[in-house]
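Analysis of the macromolecular model
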Amino acid sequence: MAERTLGGALRAQASERTALLCGDTSLSYVELDREADRVARHLDSGERIAFLGKESPHYYELLFGCSRSGAVLVPINWRLTAAEVEHIVHDSGATVIFADRSCAKAVPEMPIVWLEDFEHWKASAPDGKPVESGPDDAVAQLYTSGTTGLPKGVVLGQRGFFEVRAALEDNGLDWLDWRADDVSLVGVPGFHIGGLWWAVQGLTAGITNVIMPAFAPAEAVRLVREHGVTITCVVPAMLRLMLDEGQSLQGLRKIVYGGSPISETLLARCLAEVGCELAQIYGLTETGNTAVCLPPSEHVPGGARMRAAGRPYPGFAAEIRDAQGKPLPAGEVGEVWLRSPANMLEYWRNPTASEESLVDGWLRTGDAGCVDEEGYVFLRDRIKDMIIVAGENVYPAEIEGVLAGHPAVADSAVIGVPDERWGESVHAFVVTREKATARELMTFLQGKLASFKLPLRYEFVEAIPRNPSGKVLRRVLREQFWGDRDREIN
Ligand code: ATP
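Only a predicted model underlies this, so the values are computations on that prediction, with no experimental measurement involved.

1. Notes on the packing of aromatic side chains
For the structure shown, the criterion picks out ten aromatic pairs. Ring geometry for Phe98 against Phe118: centres 6.0 Å apart, planes inclined by 85°, an arrangement best described as edge-to-face. Of this pair, Phe98 sits in strand E5 (residues 96-99) while Phe118 sits in helix H5 (residues 118-123), placing them 20 residues apart in sequence. On the accessibility criterion, Phe98 (0% relative accessible area) is buried.

2. So, the UniProt feature "domain: AMP-binding enzyme C-terminal" (unreviewed entry) in the chain
Per the UniProt annotation, the sites labelled "domain: AMP-binding enzyme C-terminal" (unreviewed entry) are residues 398-471. Taken end to end, residues 398-471 is 19% helix and 34% strand, and its two terminal C-alpha atoms sit 15 Å from one another.

3. Some points on helix H3 (residues 57-69)
Taking 1.5 Å of rise per residue, 13 residues should cover 18 Å, and H3 covers 18 Å from first to last C-alpha, within 8% of that figure. Among the 13 residues that make up H3, twelve are buried, leaving the element largely enclosed by the rest of the structure. Taken residue by residue, H3 has Pro57, Tyr59, Tyr60, Glu61, Leu62, Leu63, Phe64, Gly65, Cys66, Ser67, Arg68 and Ser69 as its buried positions. Among the residues trailing H3, Gly70 stands out with phi positive, at a value near 85°.

4. What to know about the layout of surface pockets
Taken as a whole, the second largest pocket encloses approximately 390 Å³ of empty space. What lines the second largest pocket is a set of 24 residues, and nearest its centre among them are Phe215, Met238, Leu241, Asn467 and Pro468. In the lining of the second largest pocket, the residues fall into 16 nonpolar, three polar and five charged.

5. Let's talk about the sheet that holds strand E1 (residues 18-22)
For sheets, the rule is that strands pair by backbone hydrogen bonds, running either parallel or antiparallel. Spatial strand order, E2-E1-E10-E9-E11-E12-E13-E14-E15: nine strands in an open sheet with mixed pairing. In this open sheet, the two edge strands, each paired with only one partner strand, are strand E2 (25-28) and strand E15 (311-312). Packing against the sheet, helix H8 (residues 217-227) makes contact with E1, strand E9 (183-186) and strand E10 (208-211), and its axis sits at approximately 165° to E9.

6. Side note on the environment of Ile88
Inspection of the secondary structure assignment puts Ile88 in helix H4 (residues 82-92). What makes Ile88 buried here is its relative accessible area of 4%. Put simply, Ile88 and Gly153 are 65 residues apart on the chain and 7.9 Å apart in space, counted from C-alpha to C-alpha. Dropping the residues within four chain positions of it, Ile88 is found in contact with Val74, Ile76, Leu80 and Tyr143.

Thresholds, definitions, all that
Residues numbered from 1 in each chain as written. Predicted model: local features only at pLDDT ≥ 70, side-chain atom pairs only at ≥ 80, totals over all residues. Heavy atoms only, no water. Phe/Tyr/Trp six-rings, centres within 6.5 Å; stacked < 30°, edge-to-face > 60°. Helix = DSSP H or I, 4+ residues; strand = E, 2+ residues; numbered from the N terminus. Buried < 20%, exposed > 50% of the residue type's maximum accessible area, 1.4 Å probe, protein only. UniProt positions renumbered as here; feature names shortened; annotations may be inferred. Expected span 1.5 Å × (residues − 1). 1 Å grid on protein atoms, 1.4 Å probe; cavity = no way out; pocket = protein on both sides within 12 Å on 5 of 7 lines; lining within 4 Å. Points joined across faces, edges and corners; volume = space filled by probe spheres on them. Nonpolar A, V, L, I, M, F, W, Y, C, P; charged D, E, K, R; others polar. Pairing = 2+ DSSP bridges. Contact = heavy atoms within 4.5 Å. Axes fitted to C-alpha atoms, helices over the stretch in contact; angles between N-to-C directions.

Set out below in structure tokens:
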């Protein structure tokens, strides 16, 4: 794998094969390569450009155009409010925003290129040959979703997008193998590392990538069947919704999943109903996506490793450390630290946060977990989401995982609420697919979980609030119980 820049890897693929398919629009590799060059002629090295809109080939023309010019793409979640968009635009110092008209209300006062005028904008490119930027230059700046605080700009270098594949190829491992005739579905949005990383993997492997403007389960299933999708990357919530559509997905040969905890029930269901290979990935925006992988061979129902997030790729590392940063022995729960050659370059214009998170090449993840004797990482949950019941640590993901095994439970989310007696108690929000009572759920959990982990209350709701990468918005759920005090615990 010679090329470690997005633009260079794209050029190496240049062929008439369809690179991107999105609704009625498609672009071949040759066309994408040419359009990236036209974009690049407009941009300067180091310049930040923002993108606010649903997924489309334009997004990727801009991304590869950035790689060809040294500019940096700042994709913004189109569901954010005007104030949130303004924060990101201001923080990034973006010189121009490329926006979809449907997002007009959220676009701040600044130079704008509406996507409907994109062709015209490209055609007005000044002459001159774009300068290809290097593997160590930044290419994208993604904002954390802010589930744990104000969004921070994670600056990602070009090289990072190639590290996982290089580590696997160099070591003869085929966990994330691509085949020449693969067709990939990109359902996670590109403003999240999961979607961006997955699309870049497909585009630099030269296969056809079916892009969804916005994820909808029935449409995802339709696309899989219509376009003969063979491989995709999803978050667990998407996977569950796709399976709930009740249609065959047997054309899929591999599903890569990650981004939030998955229940063994959902994994077993997927193996039984789709029967394809599964690979779990674990990582953060800050680690340039995945640093740890659970390969297909470890997906054995009932097997001990089904609960693991996986093992670091060769050349990557995971350690468990205490609050002082001292490594802990195998089996002990502490904070997961990851060392990845794809780690972010920095948090943009935030040296304090960068120094706190990046220590000697390691990234503090904020996740609680342990590592077994063979180096497999077992995640508990985010440290900040941990509930403390009378001094005992309770991780929401564990309870949600067990609840998922009840046939009536479609989805659930667990939080800690103030409790005079115990400090905090466990509160479960539950979405049911058929009628169930709190008593039934309580009986189901008893014996499967220690008594201090059992929810004291069950609240039946229509839906669990989640962000577009499938993470439970616990802050929204906690609001009614903690009010202003949430700032202290969050
Ligand atoms: P913020 O830091 O503001 O919450 P974010 O939610 O966008 O931003 P991401 O970088 O998208 O953060 O998500 C990283 C987190 O996702 C990890 O720290 C971990 O908690 C969770 N995660 C990722 N992969 C897995 C996985 N395979 N299993 C369980 N949790 C996962």
